[in-house]
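Structure at a glance
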Amino acid sequence: MKILWELYRSFFVIGGLTFGGGYAMLPMLQRELVDNKKWVTNDDLLNYFAIGQCTPGVIAVNTATLVGYRMRKVPGAIAGTLGVISPSIIIITVIAAVLENFMDILWVQQAFAGIRVAVCALILSSVVKLCKSNIKHKWQLIPAVGALALSLLGASPVIVVALCIVGSLFLGRKVKSHG
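1. So, the overall build of the protein
- In terms of regular secondary structure, the protein is built from 7 helices and 0 strands.
- Starting at the N terminus, the α and β elements of the protein follow one another as α-α-α-α-α-α-α.
- Overall, the C-alpha framework of the protein stretches about 65 × 45 × 25 Å when taken along its three principal axes.
- For the protein, buried positions account for 30% of its 179 residues.
- Across the protein, every contact between residues at least 6 apart in sequence was considered, and the portion connecting residues at least 24 apart equals 56%.

Below, the structure is given as structure tokens:
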């Protein structure tokens, strides 16, 4: 029961202190789940994040569900999921009740602009960390750059992941046979 509460609490904090959606949540997930709790490795987190990106639903919820399931099966999945969505439900309910009255105020608009900039920086920081820990061979830069290009061109995440799988299988085999 203690681990279920820890799952709920950890994901509640992550869900309550992250602005900008799933990608912005990545630095907090890394710090809490990989560094502090050691519930998952960076590779595990990246795998869960990739699955969360390619499956229907919100990345953060999918990731919380997967981590919770890993820790304590269905009860863990429920605890992680409820933990990550509870703050949003509370915050959105409060914001919906009062936001319309304040959106015309200049400093509120500027505060939201600042939040968006901070979220972009946090996402970039996570991407750099994940690239450093997951691109282990020079040949892996080819599918990474290809995935970035396809993403910037608006390709579906499913197509990007599928092409990276095929490309990595092909390039990895080719490098291994020549190495």
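Now that the structure has been shown, the text picks up again.
2. Quick notes on helix 6 (residues 141–152)
- An ideal rise of 1.5 Å per residue puts 16 Å on 12 residues; helix 6 measures up with 16 Å between its terminal C-alpha atoms.
- Looking at the residues trailing helix 6, positive phi occurs at G154, about 95 degrees.

3. Digging into the packing of aromatic side chains
- This model, assessed by the stated rule, comprises 2 aromatic pairs.
- With 5.8 Å between their ring centres and 25 degrees between their planes, W5 and Y8 make a pair best called stacked. Here Y8 and W5 lie together in helix 1 (residues 2–17), a separation of 3 residues that amounts to about one turn.
- Owing to a relative accessible area of 52%, W5 belongs among the exposed residues under this scheme.

4. Some details on the packing of helix 3 (residues 42–54) against helix 4 (residues 59–98)
- The interhelical angle for the contact between helix 3 and helix 4, taken along N-to-C directions, is 130 degrees, at an axis separation of 8 Å. Classed by the angle they form, the pair helix 3 and helix 4 counts as oblique. As for the relative orientation of helix 3 and helix 4, their crossing is right-handed in sense. For the pair helix 3 and helix 4, contact is made by D44, L45, Y48, F49, I51, G52 and Q53 and by I59, N62, T63, L66, V67 and R70, respectively.
- Here the contact of helix 3 with helix 4 is built from residues that sort into 7 nonpolar, 4 polar and 2 charged.

5. Side note on the pattern of salt bridges
- Applying the stated criterion across every chain, the model contains 4 salt bridges.
- Here K37 makes a salt bridge to E6, at a shortest N to O gap of 2.4 Å. With K37 in the loop between helix 2 (22–36) and helix 3 and E6 in helix 1, this residue pair connects regions lying 31 residues apart in the sequence.
- Owing to a relative accessible area of 24%, K37 belongs among the partly exposed residues under this scheme.
- The partner of D44 in a salt bridge is R70, with the nearest N and O atoms 2.5 Å apart. With D44 in helix 3 and R70 in helix 4, this residue pair connects regions lying 26 residues apart in the sequence.
- On the basis of relative accessible area, D44 is assigned to the buried category, the value being 18%.
- In the salt-bridge network here, residues are joined through shared partners; they are E6, R9 and K37.

6. Some thoughts on unusual backbone geometry
- In this model, K38 sits at a positive phi of 60 degrees, which is unusual for a non-glycine residue.
- Mapped onto the elements of the fold, K38 is located in the loop between helix 2 and helix 3.
- With a phi close to 55 degrees, K73 is a non-glycine residue in the positive phi region.
- Here K73 lies in helix 4.

Rules used in this analysis
Residues numbered from 1 in each chain as written. Predicted model: local features only at pLDDT ≥ 70, side-chain atom pairs only at ≥ 80, totals over all residues. Heavy atoms only, no water. Helix = DSSP H or I, 4+ residues; strand = E, 2+ residues; numbered from the N terminus. Buried < 20%, exposed > 50% of the residue type's maximum accessible area, 1.4 Å probe, protein only. Contact = heavy atoms within 4.5 Å. Expected span 1.5 Å × (residues − 1). Phe/Tyr/Trp six-rings, centres within 6.5 Å; stacked < 30°, edge-to-face > 60°. Axes fitted to C-alpha atoms, helices over the stretch in contact; angles between N-to-C directions. Parallel < 35°, antiparallel > 145°, perpendicular 65-115°, else oblique. Left-handed = near helix turned anticlockwise from the far one by under 90°. Nonpolar A, V, L, I, M, F, W, Y, C, P; charged D, E, K, R; others polar. Salt bridge = Lys/Arg side-chain N within 4 Å of Asp/Glu carboxyl O.

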